[in-house]
Amino acid sequence: PMVYNYMKPNGAVAALFYALYDEEDSIGFIGVTCLQRHFERADILPKVAVTAQLICNLLNYNKIKEELN
């Protein structure tokens, strides 16, 4: 309900959330919203998956985690 209350006033009618991972753990997520009534998950999901991989690589979270330890 909390996420819905943030999305609805902006006109979002559908959303897809995709987890970001380091080598072992979930470190966050990407949220993609749609302002149209029709949301083709099969069309969007592969694009979001590729983008998630790029973001994880750019974050270089494993290196940051090593330096913090």
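Before any of the text, the structure's been laid out above.
Everything quoted here is computed from the prediction, not taken from an experiment. (Residues numbered from 1 in each chain as written. Predicted model: local features only at pLDDT ≥ 70, side-chain atom pairs only at ≥ 80, totals over all residues. Heavy atoms only, no water.)

1. Considering a nonpolar patch on the surface
Among the surface-exposed residues, Val-3, Phe-17 and Phe-29 lie close enough to one another that they form a single nonpolar patch of about 320 Å² accessible area. By relative accessible area, Phe-17 is classed as partly exposed at 44%. (Patch = residues over 30% accessible without salt bridge, like charges linked within 9 Å, V, L, I, M, F, W, Y side chains within 5 Å. Areas by Shrake-Rupley, 256 points an atom, 1.4 Å probe, with all protein chains shown as cover. Salt bridge = Lys/Arg side-chain N within 4 Å of Asp/Glu carboxyl O. Buried < 20%, exposed > 50% of the residue type's maximum accessible area, 1.4 Å probe, protein only.)

2. Structural notes on the pairing of strand E1 (residues 14-21)
Two strands pair when backbone bridges link them, and E1 and strand E2 (residues 26-34) are joined in this way by eight bridges, in the antiparallel orientation. Paired with Phe-17 across the two strands is Gly-31, which belongs to E2. What sits between the antiparallel neighbours E1 and E2 is a turn of four residues. (Pairing = 2+ DSSP bridges. Helix = DSSP H or I, 4+ residues; strand = E, 2+ residues; numbered from the N terminus.)

3. Details of the packing of aromatic side chains
Scanning the model with the defined rule gives one aromatic pair in all. With a centroid separation of 5.6 Å and 65° between ring planes, the pair formed by Phe-17 and Phe-29 is classed as edge-to-face. Taken together, the residues span a long stretch of sequence, with Phe-17 in strand E1 and Phe-29 in strand E2 at a distance of twelve residues. A relative accessible area of 58% means that Phe-29 is categorised as exposed. (Phe/Tyr/Trp six-rings, centres within 6.5 Å; stacked < 30°, edge-to-face > 60°.)

4. Overview of helix H2 (residues 41-59)
When the terminal C-alpha atoms of H2 are compared, their 26 Å separation across 19 residues agrees well with the 27 Å that a helix rising 1.5 Å per residue should span. Every buried residue of H2 is listed here: Val-48, Ala-52 and Cys-56. For H2, the angular spread of buried residues about the axis comes to 70°, placing them on one side. Residues of H2 that are exposed and point more than 90 degrees away from the buried face comprise Lys-47, Val-50, Asn-57 and Leu-58. In the stretch just after H2, Asn-60 is the one whose phi turns positive, near 50°. (Expected span 1.5 Å × (residues − 1). Arc of directions from axis to C-beta.)

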